[in-house]
Amino acid sequence: MANMAMTMADLQKLGRTEDNVLLERTKARDIECGEVSGALYWSCDEVADFIQMLGFPQYRECFLRNKVDGRRLIWCDASHLPSLGITDFKHIMSIAKSIREILQIEKPYWNRSITLPYAEALGRYLEQRSVMGRRSDELDYVSYTTDTRDAKFQPVLTNQGVITWY
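Everything quoted here is computed from the prediction, not taken from an experiment.

## Looking at the overall build of the protein chain
Right, on to step 1. Of the regular secondary structure elements, the protein chain holds 10 helices and 0 strands.
Right, on to step 2. Within the protein chain, the fraction of its 166 residues that count as buried is 30%.
Right, on to step 3. Excluding contacts between residues fewer than 6 apart, the proportion of contacts in the protein chain whose partners are at least 24 apart in sequence is 55%.

This is the structure in C-alpha cells:
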C-alpha cells in the first residue's frame, strides 16, 4: 500500500511544474504587459478570500475543498459553479460576474457570430494557461498574441455530421 501512495504522490507531482523561477518570470511578464489580471496567479487561499470578500463566506470552503486556484478560477463560470456546491441562482450569477470582471473575461454573448473566434485573445490565452504543465507555465500573454496574431481562426474540424456517398 505504501508503494501505491508513493506512486500517487509522484503522479500528482507530474501535473504541475515546480519551477518557481519560471512561473515568477512568466507572472512578471504578464503583469508588466497590463492585459492579464494578477488573479490568474492566485493561490487557493487567495481565491477563497476573494469569494469571502464578495460577501459569500459560506462558499469559502467549497473553493478550498475543490482546490480552485487562479488557473482553475478561469473555468468557474455559471455552468460550473453548481458542481462546486453553489446552488443559489442569484449567488451563481453574482460570483460568475465577479470572476469575469476580475479576470477581465468578456461576457458570453448569445448572438456572437460563428465566423468570429469563440473568444477574444485574452480569453483564449487564459484557457491555455488553465492547463497545468511546463509549456503552459512558460507561456506569457505577449508571446501568445505574437504567435497567434496572423493565424486565421479555424474551428475544430470533426467528422460529425459528414455524409458519405457510396
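## Notes on the pattern of salt bridges
Right, on to step 1. Scanning all chains against the criterion turns up 6 salt bridges.
Right, on to step 2. A salt bridge links Asp-140 to Arg-29; the shortest N-O distance between them is 3.3 Å. Residue Asp-140 is located in the loop between helix H9 (134-138) and helix H10 (141-148), and its partner Arg-29 is located in helix H2 (residues 20-33); the two are separated by 111 residues in the primary sequence.
Right, on to step 3. A relative accessible area of 31% places Arg-29 in the partly exposed class.

## Observations regarding the side chain of Arg-129
Right, on to step 1. Looking at where Arg-129 falls in the secondary structure, it is placed in helix H8 (residues 121-129).
Right, on to step 2. For Arg-129, a relative accessible area of 0% gives the class buried.
Right, on to step 3. Polar side-chain contacts of Arg-129 include one of 3.1 Å to the backbone oxygen of Leu-139.

## Quick word on H2
Right, on to step 1. Along its 14 residues, H2 runs 20 Å from first to last C-alpha, staying within 8% of the 20 Å computed at 1.5 Å per residue.
Right, on to step 2. Buried residues belonging to H2 abut helix H5 (70-73), H8, H9 and H10.
Right, on to step 3. Following H2 by one or two positions, Gly-34 adopts a phi angle in the positive range, close to 85°.

## Quick notes on the environment of Phe-63
Right, on to step 1. Checked against the element boundaries, Phe-63 lands in helix H4 (residues 60-65).
Right, on to step 2. Under the relative-accessibility criterion, Phe-63 is labelled buried at 0%.
Right, on to step 3. With residues near it in sequence (within four places) discarded, Phe-63 still touches Val-47, Ile-51, Val-68, Leu-73, Cys-76, Leu-81, Leu-84, Ile-86 and Ile-95.

Definitions and cut-offs
- Residues numbered from 1 in each chain as written.
- Predicted model: local features only at pLDDT ≥ 70, side-chain atom pairs only at ≥ 80, totals over all residues.
- Heavy atoms only, no water.
- Helix = DSSP H or I, 4+ residues; strand = E, 2+ residues; numbered from the N terminus.
- Buried < 20%, exposed > 50% of the residue type's maximum accessible area, 1.4 Å probe, protein only.
- Contact = heavy atoms within 4.5 Å.
- Salt bridge = Lys/Arg side-chain N within 4 Å of Asp/Glu carboxyl O.
- Polar contact = N/O pair within 3.5 Å; in protein donor to acceptor, adjacent residues only side chain to side chain.
- Expected span 1.5 Å × (residues − 1).

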